Amino acid sequence: MKLNRNFENLQQSYLFIDIARRVAAYKEKNPGTDVIRLGIGDCTRPLAAPVVQALAQASEEQGVAESFHGYGPEQGYSFLRAAIASYYARWGVNLAEDEIFVSEGAKSDVGNLTDLFDADNTVLIPDPVYPVYVDSNIMAGRRIEYVDGSRENGFCPLPGAAQKADILYLCSPNNPTGAAYTRAQLAQWVAWARQNGAVILFDAAYEAFIETEGVPHSIFEIDGAQECAIEVCSLSKTAGFTGTRCGYTVVPKALVRGGTSLNAMWSRRQTTKFNEVSYVIQRGAAAAFTPQGMAAGMENVAYYKKNAAVISGALTAAGVWHCGGKDSPYIWLACPGGLDSWEFFDLLLEKANVVGTPGAGFGKNGEAYFRLTGFGGAEQTAEAARRLQKLLESL
Ligand code: PLP
């Protein structure tokens, strides 16, 4: 028996373990200090009332013989796929229901989509970015190349003329940088993918945070993207489903390579390896797409963005370069005074009792940067922003 040796090529990720260890050690030495966490990448606001009502009602239905649901369609119930299709219509994107596959979240689909491609492919991944793209391709033994995000390109790298790859990951708005591609920039990647026969895996997990005119919510807003892209999205950050679990992946029927439909392949993959998201959760997810559900979800998004604006205001006042926060809950700042991201982590913890996430955890280009988020409580965020500004102004 042979194990998958590709796992030996994974770098051990100690990021969140290291953060927890350093915070625990600091608190042990300094009992009673009020440490505020601005590193959190998870929602803290509760589910909206219409979603909770739908979940409760669907649970009741499951206890009655006449309305009980056993196995449902692997691709998701029509009532939810239709709701998702209507949501996309808001951006002028027309999707057929059978181009939408309901999932239990974006993370597993991002990883599982690698089943569609041979190991003998080159994958292009922006750096810095959500680490799941890199690790799931290392597990599959693919060649990985990186395209560099930097302050100069606003952490929205674009294709060079000589850039070659078979599969490209894009995450916009981006985790960790909060940067979001404009329509013209995304159109460059779509043109590149079409020229090279590449497939774009587009992660739109944070699309609900977009407010800037001209920043697409979906890659399918770009002409020609239906022939070269798959989009993964989630209710995690849109509707607070991080612990409830529901997402969706769009595989257009126009996406064909070597005469084979990727939509048909993904359908086959899902019907073989996946049973549907539970009926109860799909009812809750459908409620998140009703006008009342969306209004309530957007109130929470606005709450997180207000926090992000408070943090951004403190950084601006202290004269620290940063991006994100506008179309995203994430703020990405340049570590002051030539510190690397772990040095700044320690300084911020010790001098301001604030916890963030070192950029080094998101790729080599994150070494001198730091991620803060708007997912905390409003009061704690305002207090943390005051401490952050004071510390930065004292350096
Ligand atoms: N994609 C990105 C860019 C993320 O940042 C996250 C979670 O933080 C996910 C996907 C995972 O989403 P889900 O909760 O739907 O699995």
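Structure first, text after, so check above.
Values in this document were obtained by computation on a predicted structure and should not be read as measured data.

A. Quick peek at the sheet that holds strand β4 (residues 143-148). Pairing within the open sheet is mixed, and its seven strands lie in the order β2-β8-β7-β6-β5-β3-β4. Bordering the open sheet on either side are β2 (100-103) and β4, each of which pairs with just one other strand. Here the strands of the sheet are splayed against their neighbours by 20° on average, with no regard to which way each runs. By the bridge criterion, four bridges tie strand β7 (residues 229-234) to strand β8 (residues 247-250) in an arrangement that is antiparallel. If you follow Ser 234 over to β8, its bridge partner there is Gly 247. Of the strands in this sheet, β2, β7 and β8 touch helix α3 (residues 78-89), which is tilted by about 115° from β2.

B. Spotlight on unusual backbone geometry. The amide bond that connects Ser 172 to the next residue, Pro 173, takes the cis arrangement and shows omega of -5°. Inspection of the secondary structure assignment puts Pro 173 in the loop between β5 (167-171) and α6 (183-196). The residue after Asn 175, namely Pro 176, is reached through a cis peptide bond having omega 20°. Within the fold, Pro 176 resides in the loop between β5 and α6. Even without being glycine, Arg 245 reaches a positive phi, approximately 75°. Relative to the assigned elements, Arg 245 resides in the loop between α7 (236-239) and β8.

C. Main features of the pairing of β2. Side chains Ile 100 and Val 102 of β2 all project onto a buried face; the interleaved residues Phe 101 and Ser 103 project onto the opposite face, where all are buried too. With four bridges connecting them, β2 and β8 associate as antiparallel partners. Each bridged residue has a counterpart across the sheet, and for Ile 100 the counterpart in β8 is Val 250.

D. Region of the structure containing the nonpolar core. Counting residues in hydrophobic clusters, the biggest one holds 64 residues, and the most contacted among them are Tyr 88, Trp 189, Ile 200, Ile 219 and Tyr 248. Examining the composition of this core, we find that seven residues originate from one element, helix α9 (residues 279-288), more than from any other. Contacts of Trp 189, omitting those with residues within four sequence positions, involve Leu 124, Val 147, Pro 157, Leu 158, Pro 159, Leu 168, Leu 170, Tyr 181 and Ile 200. Of all hydrophobic cores here, the second largest spans 28 residues; its members include Val 35, Leu 348, Val 355 and Ala 384.

E. Geometry of helix α12 (residues 378-394). The end-to-end C-alpha separation of α12 is 24 Å, in line with the 24 Å expected for 17 residues at 1.5 Å each. Buried within α12 are the following residues: Thr 381, Ala 384, Ala 385, Arg 387, Leu 388, Leu 391 and Leu 392. Looking at the buried residues of α12, the elements they touch are β1 (36-37), α10 (291-317), α11 (341-352), β13 (354-355) and β15 (369-373).

F. Seen up close, the packing of aromatic side chains. Per the stated rule, a full pass over the model turns up 25 aromatic pairs. Note on Phe 155 and Tyr 369: the rings are 5.1 Å apart at their centroids and 80° apart in plane angle, and the pair reads as edge-to-face. Here Phe 155 is found in the loop between β4 and β5, whereas its partner Tyr 369 is found in strand β15, with 214 residues between them in sequence. With a relative accessible area of 5%, Phe 155 lands in the buried category.

G. Geometry of the sheet that holds strand β14 (residues 357-358). Read across the sheet, four strands follow the order β11-β12-β15-β14 without closing on themselves; strand pairing throughout is antiparallel. Looking along the sheet, the strands with just one partner apiece sit at the ends: β11 (322-324) and β14. One ladder, built from two bridges, connects β14 with β15; its direction is antiparallel. Bridged to Pro 358 within β15 is Phe 370. Sheet strands in contact with α10 are β11, β12 (330-334) and β15, and its direction is about 15° off that of β12.

H. Structural detail: the packing of α11 against α12. Axis separation between α11 and α12 bottoms out at 10 Å; the angle between their running directions is 110°. Viewed along their axes, α11 and α12 adopt a mutual orientation that is roughly perpendicular. Read as a crossing pair, α11 and α12 show a hand that is right-handed. Residues Phe 344, Leu 347, Leu 348, Lys 351 and Ala 352 of α11 lie in contact with α12, whose contacting residues are Arg 387, Leu 388, Leu 391 and Leu 392. Residue composition of the contact of α11 with α12, by class: seven nonpolar, no polar and two charged.

I. Representation of α11 within the structure. In this model α11 runs 16 Å from its N-terminal to its C-terminal C-alpha over twelve residues, within 8% of the 16 Å that 1.5 Å per residue would give. Among the residues of α11, those classed as buried are Ser 341, Trp 342, Phe 344, Phe 345, Leu 348, Leu 349 and Ala 352. Relative to the axis of α11, the buried residues are bounded by an arc of 160° and lie together on one face. Where α11 is buried, its residues meet α1 (15-29), β12, β13, β14, β15 and α12. Capping the start of α11, Asp 340 holds a side-chain oxygen 3.0 Å from the backbone nitrogen of Trp 342, two or three residues further along. At the exit of α11 stands Asn 353, carrying a positive phi of roughly 55°.

J. Representation of the site of the ligand. Of all residues adjacent to the ligand, which total 14 residues, the nearest are Ala 106, Asp 203, Tyr 206, Ser 234 and Ser 236. At a separation of 3.0 Å, an oxygen atom of the ligand approaches a polar side-chain atom of Lys 237. When the free accessible area of the ligand is taken as 390 Å², the share hidden by the protein chains comes to 90%. Counting atoms within 2 Å of the grid points, the majority share of the ligand lands in the largest pocket.

Criteria and thresholds
- Residues numbered from 1 in each chain as written.
- Predicted model: local features only at pLDDT ≥ 70, side-chain atom pairs only at ≥ 80, totals over all residues.
- Heavy atoms only, no water.
- Pairing = 2+ DSSP bridges.
- Helix = DSSP H or I, 4+ residues; strand = E, 2+ residues; numbered from the N terminus.
- Axes fitted to C-alpha atoms, helices over the stretch in contact; angles between N-to-C directions.
- Contact = heavy atoms within 4.5 Å.
- Buried < 20%, exposed > 50% of the residue type's maximum accessible area, 1.4 Å probe, protein only.
- Core = buried A, V, L, I, M, F, W, Y, C linked by side-chain atoms within 4.5 Å.
- Expected span 1.5 Å × (residues − 1).
- Phe/Tyr/Trp six-rings, centres within 6.5 Å; stacked < 30°, edge-to-face > 60°.
- Parallel < 35°, antiparallel > 145°, perpendicular 65-115°, else oblique.
- Left-handed = near helix turned anticlockwise from the far one by under 90°.
- Nonpolar A, V, L, I, M, F, W, Y, C, P; charged D, E, K, R; others polar.
- Arc of directions from axis to C-beta.
- Polar contact = N/O pair within 3.5 Å; in protein donor to acceptor, adjacent residues only side chain to side chain.
- Near = heavy atom within 4 Å.
- Areas by Shrake-Rupley, 256 points an atom, 1.4 Å probe, with all protein chains shown as cover.
- 1 Å grid on protein atoms, 1.4 Å probe; cavity = no way out; pocket = protein on both sides within 12 Å on 5 of 7 lines; lining within 4 Å.
- Sits in = over half its atoms within 2 Å of the grid points.

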